[in-house]
Amino acid sequence: MLKVLGGFQISQRRACVLIGVDPKTVRRERPPDHGAIRVAMREVAGKRRRFGYRRIGVMLERQGLIMNHKKLYRIYREEGLSVRRRRGRKRARGSRTPMPVPLIPGARWSMDFVSDTFGASRKFRILAINDDCCRENLCLVGDTSISGARVARELDTLVRLYGKPACIVSDNGTEFTSRAILEWAGKNKVEWHYIDPGKPQQNGFIESFNGSLRDELLNEELFDSLADARRKLAIWRYDYNNVRPHSSLGNRTPAQARRAFEQDESITPDALVQAQGPSYLTARLSL
């Protein structure tokens, strides 16, 4: 083959046809170019697996291996060094149907977290869950760590005490989008609504409650320990539900609002849909 190509000025393909040889047996793959650069690139990528081609290029420049970005990217792809994108874990997506108007107790619950400190600046979190209809605080759970599974257990307790809500509203925190919450909502067949990121006004009832909790308790008290914080949270919760007047309830308490609904057997969801919201509730509470 070499004698034919050297003695006659014909192409490799023509020579293979004349001799009767398959071109695949003659042609050989060329060795990769820039072997030193490839070796150095593999060494950097082996130590820093999450580096893309631009950062690897910076590391190579420090070794004196300078090239333009097109050449760098070509060699990077040929060496199979592309960074594998990590997939996010499965999160609860919730319902996309319109949120029901909280016209009766249990129609809609809302929840959120509040943070504070005790002792030598040790942080703890407070899980607050409210009934949006009668503004009643259903629980204030304080602990140094509250997982999604813990939130599901607290919801089971509240369901036994108050019954199952029609829907629950929350933000997109990791505790509320965990697998435990996804399983809990599916098992109990409760609609779960997530507000849009950066839109706390969509969960205004619990945000208003958080403001009152911080203004009236967290900013006024110093907590010596977690047990002390839990005790003061329980006292404040009782005062909030049974003593503190609420302007949205006609200056009555959430406990009085709940009793008014429970004692009136004529109140049905269809009748409440036709009612005039707060004005109807104020009229019922004045009886």
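Just so we're clear, the structure is a prediction, and the values are computed from it rather than from any experiment. (Residues numbered from 1 in each chain as written. Predicted model: local features only at pLDDT ≥ 70, side-chain atom pairs only at ≥ 80, totals over all residues. Heavy atoms only, no water.)

Chemist: Report on the nonpolar core, specifying residues and quantitative values.
Modeler: The biggest cluster of nonpolar side chains holds 22 residues, and the ones touching the most others in it are Ile129, Val151, Leu155, Trp184 and Trp192. Residue contributions to this core peak at five residues, all from helix H7 (residues 148-162). The residues touching leucine 155, leaving out its near neighbours within four places in the chain, are Trp109, Met111, Ile129, Ile168, Ile181, Trp184 and Trp192. (Core = buried A, V, L, I, M, F, W, Y, C linked by side-chain atoms within 4.5 Å. Buried < 20%, exposed > 50% of the residue type's maximum accessible area, 1.4 Å probe, protein only. Helix = DSSP H or I, 4+ residues; strand = E, 2+ residues; numbered from the N terminus. Contact = heavy atoms within 4.5 Å.)

Chemist: Provide a residue-level description of the environment of aspartate 131, including the pertinent values.
Modeler: Looking at the secondary structure, you find aspartate 131 in strand E2 (residues 122-131). Taking relative accessible area as the criterion, aspartate 131 reaches 1% and is therefore assigned buried. Sequence separation of aspartate 131 and proline 102 is 29 residues, and the distance between their C-alpha atoms is 8.4 Å. The residues contacting aspartate 131, other than those within four sequence positions of it, are Pro105, Gly106, Arg108, Trp109, Glu136, Leu138 and Arg258. Here the side chain of aspartate 131 touches cysteine 133 through a polar contact of 3.0 Å, landing on its backbone nitrogen. (Polar contact = N/O pair within 3.5 Å; in protein donor to acceptor, adjacent residues only side chain to side chain.)

Chemist: Describe the environment of glycine 119, and please don't skip the residues or the numbers.
Modeler: Inspection of the secondary structure assignment puts glycine 119 in the loop between strand E1 (109-118) and E2. A C-alpha to C-alpha distance of 10.0 Å links glycine 119 and alanine 229, two positions 110 residues apart in sequence. Excluding residues within four positions of it along the chain, glycine 119 makes contact with Phe223 and Asp224.

Chemist: Could you give an account of the pattern of salt bridges, with specific residues and numbers?
Modeler: For the coordinates displayed, the defined rule picks out 19 salt bridges. Here aspartate 33 ties to arginine 74 by a salt bridge, and the two come within 3.2 Å at their closest N and O atoms. Separated by 41 residues along the polypeptide, aspartate 33 in the loop between helix H3 (23-26) and helix H4 (35-47) and arginine 74 in helix H6 (residues 69-78) bring together distant segments of the chain. Given a relative accessible area of 32%, arginine 74 falls into the partly exposed group. When the shortest N-O distance is used, the salt bridge between glutamate 154 and arginine 150 registers 3.2 Å. Here glutamate 154 pairs with arginine 150, and both are found in helix H7, just four residues apart, close to one helical turn. Across the pair, arginine 150 and glutamate 154 agree in class, each one buried. Via salt bridges that share partners, Asp33, Arg38, Arg42, Arg74, Glu78 and Glu79 belong to a single interconnected network. (Salt bridge = Lys/Arg side-chain N within 4 Å of Asp/Glu carboxyl O.)

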